[in-house]
Amino acid sequence: MSEIIIPSTSVIERVAQESTNISDLTIDKWEKELLSEQGQRRIFRLSGIGSSYSQSHPWSLILKQIKAPEDPDAPDADFEHVAYWEREYLLYESGIPQSLERELRSPIIYATMQPDPSLRWIWMENLHDFYQRKWPDEFFAKSAYRLGYFNGQYLTGEKIAEYSLIGKDTLRQRMKWYLEEYQRYREPKVLQHPLVQKAYPTPVLPALDQLASDYEKYLDILKEFPHALCHLDAWHGNMAAVKKPNGNISTVLFDWALVGYGAPGREISNMIWTAPLELVLDIDNIDELEELLFYQYLHGLKEAGWDPNVDHVRIAYLISSVLIFGFALESIDHALNEEWYEWDEEQYGMPIEEIVCRTGQVTYRLLERVEELNSLLKKLNL
């Protein structure tokens, strides 16, 4: 990624004034920390001490910097593309994420800026997760309910449902990339790797090949269902449990880059299946978590005033789950990237062989969901 413009102290001071609600706050020194870098996106934490009337005031901010693709013909340069580079910035600028209600909200946005024609800045609050990312099942459940309520509002007409900024038919677009990635795993040298063979003692490629053949049929079915505005990347890494002054804990949902219209049910796929893939949930507990979150999501849809067809919601959830995560053979990535073994073992607190085998088990569970999906479609003559 090419070097990008660093904000001046005067710009930072202006945003710090907004975040602290101290209009005459002055800052002399500040520091920045790079939190993440993915492609053309960087996230920094900026912090320092300001002063007002001889009193010191600590402050901290998150700055998300988004750079336009260098190639004007790149897929994400297209406004219609699922990963259009400017979508999140435009959404925050329009105030759509900030309109969330109840206990689900977006981060507080202090400013959006365009310091350069190819650069966007999103200034937001610095969040701290109350559970330090180790969510209890109760909070997972509450977040699923809140996502259901959020989706349900758009299904009842309570919210305006049609925005030009929102991605359409996004899962169909994403499938091209998923299937390209899947083809990498078919090479003999990959399948013969000792750790890959440990991860998949029973072959999974025949079933995944069938899934790849059927995906268009599944997407055509989804197309006929009602659609709501969805975040579509709502997993624990893109959410935070934030304690309010009254003691309640809100779910804060950020990273709105992939927002699109989706059939009810799609929204919770990421939260359920990313958990075992990121090894924050033992795969043996996936059935219980899935049942809990699916029920709470349905409850949220109903509380928003929409009467869901439970079978259709289940179908949408299953299709989204198996297509997004069925081809995400992360066990193979862990096995092949030997230079990352030490980092992986430190990150997850277990030997690389266990990491590979645990993530491999996720694929088998997803193939069980394919069987459930096909049985349900057959029962409903879909």
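Note that the structure is a prediction, hence the values are computed from the model and not measured.

Visitor: Please explain the sheet that holds strand E4 (residues 104-105) as it appears in this structure.
Guide: The pairing of strands in a sheet happens through backbone hydrogen bonds and is either parallel or antiparallel. The 3 strands lie next to each other as E4-E9-E8, forming an open sheet whose pairing is mixed. Each of the sheet's edge strands pairs with one partner strand only, and the pair in question is E4 and strand E8 (239-243). This element, helix H3 (residues 137-155), spans E4, E8 and strand E9 (249-253) of the sheet and lies at about 60° to E9.

Visitor: Mind showing me how you'd approach the environment of asparagine 238 here?
Guide: Following the sequence through the fold, asparagine 238 ends up in the loop between strand E7 (228-230) and E8. Residues asparagine 238 and tryptophan 256 lie 18 residues apart in sequence; the distance between their C-alpha atoms is 9.0 Å. With residues up to four places along the chain from it excluded, the contact list for asparagine 238 reads Asp233, Val252, Leu253, Phe254 and Asp255.

Visitor: How do you make sense of the sheet that holds strand E5 (residues 109-116) when you look at a structure like this?
Guide: Read from one edge to the other, the open sheet built from 5 strands follows the order E1-E2-E3-E6-E5, with strand pairing classed as antiparallel. The sheet terminates laterally at strand E1 (26-38) and E5, the two strands that pair on one side only. Averaged over all adjacent pairs, the angle separating strand axes in this sheet is 25°, with direction ignored. In the sheet, E5 pairs with strand E6 (residues 119-125) via 5 bridges, with the strands oriented antiparallel.

Visitor: Mind showing me how you'd approach the packing of aromatic side chains here?
Guide: Under the definition given, this model contains 13 aromatic pairs. Ring geometry for tryptophan 135 versus phenylalanine 140: centroids 5.0 Å apart, planes at 65°, classification edge-to-face. Note on accessibility: tryptophan 135 and phenylalanine 140 belong to one class, buried. Centre to centre, the rings of tryptophan 177 and tyrosine 178 are 5.8 Å apart; their planes meet at 70°, and the pair counts as edge-to-face. Taken together, Phe130, Tyr131, Trp135, Phe139 and Phe140 form an aromatic cluster joined through their ring pairs. Seen from the ring of tyrosine 89, arginine 120 lies directly overhead, with NZ or CZ sitting 5.8 Å from the centre. Looking at arginine 314, its charged tip hangs above the ring of phenylalanine 294, at a distance of 5.0 Å from the centre.

Conventions used here
- Residues numbered from 1 in each chain as written.
- Predicted model: local features only at pLDDT ≥ 70, side-chain atom pairs only at ≥ 80, totals over all residues.
- Heavy atoms only, no water.
- Pairing = 2+ DSSP bridges.
- Helix = DSSP H or I, 4+ residues; strand = E, 2+ residues; numbered from the N terminus.
- Contact = heavy atoms within 4.5 Å.
- Axes fitted to C-alpha atoms, helices over the stretch in contact; angles between N-to-C directions.
- Phe/Tyr/Trp six-rings, centres within 6.5 Å; stacked < 30°, edge-to-face > 60°.
- Buried < 20%, exposed > 50% of the residue type's maximum accessible area, 1.4 Å probe, protein only.
- Lys NZ or Arg CZ within 6 Å of the ring centre and 35° of its normal.

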